[in-house]
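Chain residues, written in single-letter form:
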Amino acid sequence: MTAAVTYPPGELLRLLHRRRGPLLRFGAGRRRFAYLLGAEANRFVFANDDLFTMREAFEGLVPVDGETSLIVSDGTDHRRRRRLVQPSMHHRQVDQYLAIMTESADEVIDRWRPGDVVDAYQAFRAAIRRSTLRSLFGARLADDADFLGEHLQALLDLVDRSPDVVRLHRRWRTPLWRRAMRARALVDERIHAEIARVREEGADAGDRVLAMLVNGRDEDGGGLSDQEVRDQAVTLIAAGYETTSAAMAWAVHLLVTHPEARQRAAADERYRRAFVTETLRLYPPAVVSARHVAKAFEFAGRRVSAGTTLLYSPYVTHRSAAVYEDPLTFRPERWLPGEPAYRKVGPHEFVPFGGGPHRCVGATMATTELTVMLGRLLERTELSPVAQRIRATGFAAMRPKHGLRVGVARVTAA
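Bear in mind that the values here come from a model prediction, so they are computed numbers and not experimental data. (Residues numbered from 1 in each chain as written. Predicted model: local features only at pLDDT ≥ 70, side-chain atom pairs only at ≥ 80, totals over all residues. Heavy atoms only, no water.)

I tried to follow the sheet that holds strand 5 (residues 289–293) on my own but got confused; where do I start?
Taking strand neighbours across the sheet as the criterion, the five strands line up as 1-2-8-5-3 in an open arrangement whose pairing is mixed. With partners counted over all chains shown, the strands left at the sheet margins are strand 1 (23–28) and strand 3 (52–53), one partner each. As paired elements, strand 1 and strand 2 (residues 31–36) share six bridges and run antiparallel to each other. Pairing of R25 across the sheet is with A34, part of strand 2. Lying on the sheet, helix 2 (residues 39–47) is in contact with strand 2, strand 3, strand 5 and strand 8 (309–312); it crosses strand 8 at an angle near 130°. (Pairing = 2+ DSSP bridges. Helix = DSSP H or I, 4+ residues; strand = E, 2+ residues; numbered from the N terminus. Contact = heavy atoms within 4.5 Å. Axes fitted to C-alpha atoms, helices over the stretch in contact; angles between N-to-C directions.)

So, in C-alpha cells, the structure goes:
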C-alpha cells in the first residue's frame, strides 16, 4: 500500500486551513480573492447561490465551452438550459450507454499483451473520449473522435491555466491563443454540421443526446439555439472526458497499489462502486472551484466584499480529518453501510462534482463510466505497478503529470 499522491497547491490550502481557519482573504482592488475552506464553507456556498455568479468566475473556460455553456450561465438562462440538458444525463438514460462503455474499454484492453508497459492514463483518456461521443452523440461524431480530440486538446491546453493567464493570451493574441482559435473553428464546423443535419433530416437512433438538445422544449415551448446546442455539446464532450479520464487514471493507480482492495473489488460489485467513490474523494478532479461574489456577505465572522473571486476546495474537504477518519488512507469500505469504517456524509462533505444548483449534470455519467471501465479491467486483466514518480498537476483537472505507466501481467479474451 502506498501513500496518497499529494498536490502541492492543495496541500498549501490544507495547511492554511488548519492554521488560519475556514476563510482566507488576499489581494486588493479588482483582484480580491477569498478561499472558503472546509465542509461548512461548502454548505454555505451551495445554500446561498443568490450571492454568486458563475460567468465571471469561469470566464477562462469560454474559449472552449462557449458563451452559453451551463458552466458560465447564471439565473434564468442557467435554469432554462439546465432543464433542457439534464434529461440526457438522467440515470435511466445513462443506463442505455453501458454497452458502449464496455465496448470502449474492451477496445483498449484488446490491444494489450502480457509483458507490455502501457500508459493507462492516455489509453483510457482516448477510450473515454470515444465512449462519450458514441454514447451521447452517435456514430458520426464518434468516427471523428481522434479529430475532435486533437483539436479540443489545443483548446484544453489554453484553459489549463488561471483565468488571468488565459485573459493575457487572449489580449496579446499569442501563438497559443491563435492555435486554440483555429482548433475551435474546426471543432465548431463539425459540431454545427451535425446540428444542421439533425434539424433538417431528423435524428438517427444513435444521436441520443444531440437529438434531445436540438429538439428539447421548455414549458414555454422554447428550445436551444444552434449556438446553445453547440456550447452544451462541447461542454459535455470536453469536460466529460477531461475530468473522467483523470479520475480513471487515479483509479488504476489505486488498483495496482492496493492489492487487497483490488481483490475485493473484483469479487464484489458493491465494493467496486465504493472503490470509485473513494477514488473521487482522494482525487477529486477539481482541486478548487470558483464563484464570483455578486453580493457582499459575512462568513466566519468576517466580511467578503462584492467583486471578490471566491474559491472553495473539494481537495481540502476530502482530505480533512474533521470530516474523514484517517483521511489520507484509501479505504473504500468507508462508503459501505455495515462496515466499521462507514460514516454517512452530507452533500457538503463529498463534493467531487460541486453542489447546489450548479452541481455537475454529468455526475451520474462519470461515475457510471468509471465503474464500468474499472470492472472491465478487473475482469480481463492483471496489472502491476511500474517504478515511476507520480506527480499531480492540472488547473482544469488534477491528473498524473507524466501519465501513469502500468505493467500488463495478464489479459483474457472479452
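Please clarify how a positive patch on the surface should be interpreted in this entry.
A contiguous patch of positive charge, built from R161, R178, R179 and R182, is present on the exposed surface. Relative to the elements of secondary structure, R178 occurs in helix 10 (residues 175–201). (Patch = residues over 30% accessible without salt bridge, like charges linked within 9 Å, V, L, I, M, F, W, Y side chains within 5 Å. Areas by Shrake-Rupley, 256 points an atom, 1.4 Å probe, with all protein chains shown as cover. Salt bridge = Lys/Arg side-chain N within 4 Å of Asp/Glu carboxyl O. Lys, Arg positive; Asp, Glu negative; His and termini not counted. Charge placed at Lys NZ, Arg CZ, Asp CG, Glu CD.)

Any chance you could explain the nonpolar core here in plain terms?
For soluble globular proteins, the rule of thumb is that nonpolar side chains tend to be buried together. Membership of the largest hydrophobic core comes to 99 residues, with the highest contact counts inside it found for W112, F124, F137, L152, F275 and L377. Ranked by the residues each element gives to this core, the list is headed by helix 12 (residues 226–257), at 16 residues. (Core = buried A, V, L, I, M, F, W, Y, C linked by side-chain atoms within 4.5 Å. Buried < 20%, exposed > 50% of the residue type's maximum accessible area, 1.4 Å probe, protein only.)

Before we go on, may I ask you to explain the pairing of strand 12 (residues 405–411) in this structure?
In regular strands, side chains alternate between the two faces of the sheet. For strand 4 (residues 117–119) and strand 12, the ladder comprises three bridges, and the chain directions are antiparallel. Bridging across to strand 12, D119 finds its partner in R405.

Sorry, what's going on with the environment of R167 here?
Of note, R167 is situated in helix 9 (residues 163–172). Considering only alpha carbons, one finds R167 and E59, 108 residues apart in sequence, at a separation of 8.6 Å. Of note is the side chain of R167, whose polar atom sits 3.2 Å from the side chain of E59. (Polar contact = N/O pair within 3.5 Å; in protein donor to acceptor, adjacent residues only side chain to side chain.)

What should I look at first to understand helix 7 (residues 120–143) in this one?
For an α-helix the count is 3.6 residues per turn, leaving residues at separations of three or four pointing the same way. In a regular helix each residue adds 1.5 Å, so 24 residues correspond to 34 Å; helix 7 covers only 22 Å between its end C-alpha atoms and thus falls short of that length. The largest bend in helix 7 amounts to roughly 145° and is located at F137. Taken across its 24 residues, helix 7 has 19 buried, putting it largely inside the fold. Of the residues that open helix 7, the one with a side-chain oxygen 3.1 Å from the backbone nitrogen of Y121 is D119. (Expected span 1.5 Å × (residues − 1). Bend = angle between axes of the 7 residues up to and from the residue.)

Would you mind showing me how to read the sheet that holds strand 4 here?
The strands that make up a sheet pair up through hydrogen bonds in the backbone, lying either parallel or antiparallel. In spatial order, the strands read 4-12-9; together these three strands make up an open sheet with antiparallel pairing. The open sheet is flanked by strand 4 and strand 9 (381–385), the only strands paired with a single partner. Here the average twist between neighbouring strands, direction ignored, is 45°. In this sheet, strand 12 lies alongside strand 9 in antiparallel orientation, the contact comprising five bridges. Considered in strand 12, the bridge of S384 is made with G407. Along the sheet, helix 16 (residues 363–380) makes contact with strand 9 and strand 12, crossing strand 9 at roughly 95°.

I tried to follow helix 8 (residues 145–159) on my own but got confused; where do I start?
Counted at 1.5 Å a residue, the expected span for helix 8 with its 15 residues is 21 Å, and the 20 Å between its end C-alpha atoms agrees. Taken together, the buried positions of helix 8 are A145, L148, G149, H151, L152, A154, L155, L156, L158 and V159. Lining the buried residues of helix 8 we find helix 3 (62–65), helix 7, helix 9, helix 10 and helix 12.

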